[in-house]
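Breakdown of the fold
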Amino acid sequence: MFDDPLAAPPLIRAPDDPSKWDEWRQGLHDWREAAVKALGYRDDAYDDPAFAWMQTCRACGKVMMFDRTFVEPETGHFLVEDWVKHARDQFGELDALVLWQAYPRIGFDSRNQFDHYREVPGGLKGLKDVVNRLHQLDVKAILAYNPWDVGTRREPKADYATIAEMVGEVGFDGVFLDTLREAGRELRGSLDRSRKGVALISELALPLEAIADHHASWAQWFDDSHAPGILRNRWLERRHMMHQIRRWDTDHTGELHIAWMNGAGMFLWQNIFGSWSGWTDRDLSILRSMLPIQKHFSGVLTHGIWTPLVDCTLRDCFASKWELSGATLWTLVNRSHADVKGSALPEASHSGSKLYDLVRGIELDHADLEIPARGIGAVVRLPDHAVSASFKSLLEAQARRFRDRKPYATRVDPMPIRTPAPHAPGKASDSMVRVEGGRRAIISKVRIRECGDYVFMPQEVYPGLHGHRLIERRVTLRSFALDRSEVTNAEFLAFLKQSGYEPKRAGSFLAHWVESVPAPGTENHPVTFVDLNDARAYAKWAKKRLPTEDEWQSAVEDHGLPFGKVWNWTESEHADGHTTFSFLKGGCSLKVEGSDWYADGGARSAEWSAKFIHFYPELDRCETIGFRCAVDL
């Protein structure tokens, strides 16, 4: 099949002509034999019971730890049980969850990816509580590793040692290798010494050479043939789990079909770094039908005899067959855009065994199926003695799911709502500049990132990232005045003394001060390590308010005000129920180098707007963000 068995593509495409399938299947067997020999492949790691959990981990999700359905920043309480229940109601199952912590915020200050875990509400103790609560719900917890994080604060030890230490302390079950095809030997060895059964999961296509010690990988943007192809790594090692993902696609049919025909998993992700890419009701209906079948017949899918592309008599439908211990399972997909109905397989019930339609949850006399357009089907032959109470419960639940299925590709997209700026009437002091109100065309420059800008990231196969684009908006401004410079440490200290202000959550509050006062010589430096609410409290005390991003830009451009030492908070908060964000203006003196994935830093022009996603007070208070105030004239 391939001259070099180690050069086989990640997805081995199938011929559309059924007359070639026998030869193709034989080629698959020959290739596997040659690849195992060329690799000197050993499957010891898959025989280890500590890693057995990954063999059944077909529903793996990712949560942004800042998602407002996962955390309440005001209280620091994580809504683990509610989030998991909602996910299972939506998807049907949830076996593991990647706890995403840093990108796209990392780079606004010097804190590294591990600091973003350390500074969740409650610190590592709070993070461990989240992981323990997931374990109580039978959900594994996955740590996210960003190998490109090379320019922030450095750890005193190598990344692999820090990861292993955090895995051991918190209790993570796996490590997701962001942007990597595989991990180094140092990480595998460190994890094994720290905690048993910690799986490595690659994002990019895992090479054959790494299957032996990487128990899972993503199948990301794999393009299938019309006749469903074979996931190379699953064919080599059936216990290797692969999660299908096309994160920006609005139609997940292709991923579902690949997973269904290969006995593989799905990666479930809707809040994508602050941009919403929700699943449609139709795709969710298919997923809710598929995952319970995979869960019940997991052993068949990992240890049975797998025969891809067996004969199927329904037009434009394809079937795989799986056999183990007297049970025979057929997984089918309908590639057409029309519903199909009729006899799919040359099979019938007989004495001693019966056929069942697992999607509709009914017993069959013959393999007569109804498969919706671009949907899935499933038939199982079971010996009468194998019809257990759990199998009967599966049929009942599947029948309900089939009745409740959603055939239409509809979905709900959250809409960001902007918090209006308060009214703060006042006069322009000598330390302020005056800007007359009126109609203006504001042109903002933003960097193209996966978190989007004013709107969510456009749904594309993969968006072009890291460049910039200009956004023009017509706005009407009231007459206002803006401070010439940022509020200083000394001014903020006076506010604290006179107001008695204390934040509800004090993590990182004024972290640069020494014994609750500014360090000597820094009294006139811009105050930092304040979050948006801290800045609002000061402005209210001073009988002012924060400027909007448009007011800030207009005043700076009209009057040539100095900026660039620290980013400035603006009154631009948006929230959609999942993500809360603001726009920062002004740039800062710190620029984290080493990767395009870092957030904006360094000197920026006045029109530059940086989208800043709110996490929790501990992380929203940064060394690089201050503020100045405005009044309405």
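The structure under discussion appears in the preceding block.
Keep in mind it's a predicted model, so treat the numbers as computed, not measured. (Residues numbered from 1 in each chain as written. Predicted model: local features only at pLDDT ≥ 70, side-chain atom pairs only at ≥ 80, totals over all residues. Heavy atoms only, no water.)

Thoughts on the packing of aromatic side chains
The line we're drawing: Whether two aromatic rings pair depends on their centres lying within 6.5 Å, for rings of Phe, Tyr and Trp, where Trp uses its six-membered ring; planes under 30 degrees apart make the pair stacked, over 60 edge-to-face, and the rest tilted. The way it works is that DSSP assigns letters per residue, a run of H or I at least four long becomes a helix, a run of E at least two long becomes a strand, and they are numbered from the N terminus. Three labels apply to residues, based on accessible area from a 1.4 Å probe with only protein chains included: buried if under 20% of the type maximum, exposed if over 50%, partly exposed otherwise in between. By definition here, charges over rings are those cases where NZ of Lys or CZ of Arg is within 6 Å of the ring centre and within 35 degrees of the ring normal.
Inspection of every chain in the model, using the stated rule, returns 39 aromatic pairs. Ring geometry for Phe492 and Phe627: centres 6.4 Å apart, planes at 80°, overall edge-to-face. Taken together, the positions of Phe492 in helix H13 (residues 489-499) and Phe627 in the loop between strand S32 (625-626) and strand S33 (630-632) put the pair 135 residues apart, joining distant regions of the chain. For Phe492, a relative accessible area of 0% corresponds to the buried category. A relative accessible area of 0% places Phe627 in the buried class. When the ring centre of Trp100 is taken as reference, the NZ or CZ atom of Lys62 above it lies at 3.9 Å.

A closer look at the pairing of strand S8 (residues 199-202)
As a general feature of sheets, a regular strand has side chains that alternate between the two faces. Rule in force here: Strands are labelled as partners when DSSP assigns at least two bridges between them. Assignment of crossover handedness uses the view with strands pointing away from the viewer, where a clockwise path from the first strand over the helix to the second indicates a right-handed crossover.
Burial along S8 is two-sided: the face carrying Ala199 and Ile201 and the face carrying Leu200 and Ser202 are both buried. As paired elements, strand S7 (residues 174-177) and S8 share four bridges and run parallel to each other. Counterpart to Gly174 in the pairing with S8 is Ala199. Crossover handedness for the path S7 to helix H7 (residues 185-194) to S8: right-handed. Pairing of S8 with strand S9 (residues 216-220) involves two bridges; the strand directions are parallel. If you follow Ser202 over to S9, its bridge partner there is Ser217.

Quick notes on the environment of Val36
Filter applied, for reference: By the convention used here, residues are in contact when the closest approach between their heavy atoms is within 4.5 Å.
As for its placement among the helices and strands, Val36 is situated in helix H1 (residues 21-39). On the basis of relative accessibility, which here comes to 23%, the residue Val36 falls in the partly exposed class. Distance in space between the C-alpha atoms of Val36 and Leu236 is 7.6 Å, their sequence separation being 200 residues. When neighbours within four sequence positions are excluded, Val36 is seen to be in contact with Tyr41 and Leu236.

These figures capture arrangement, not role.
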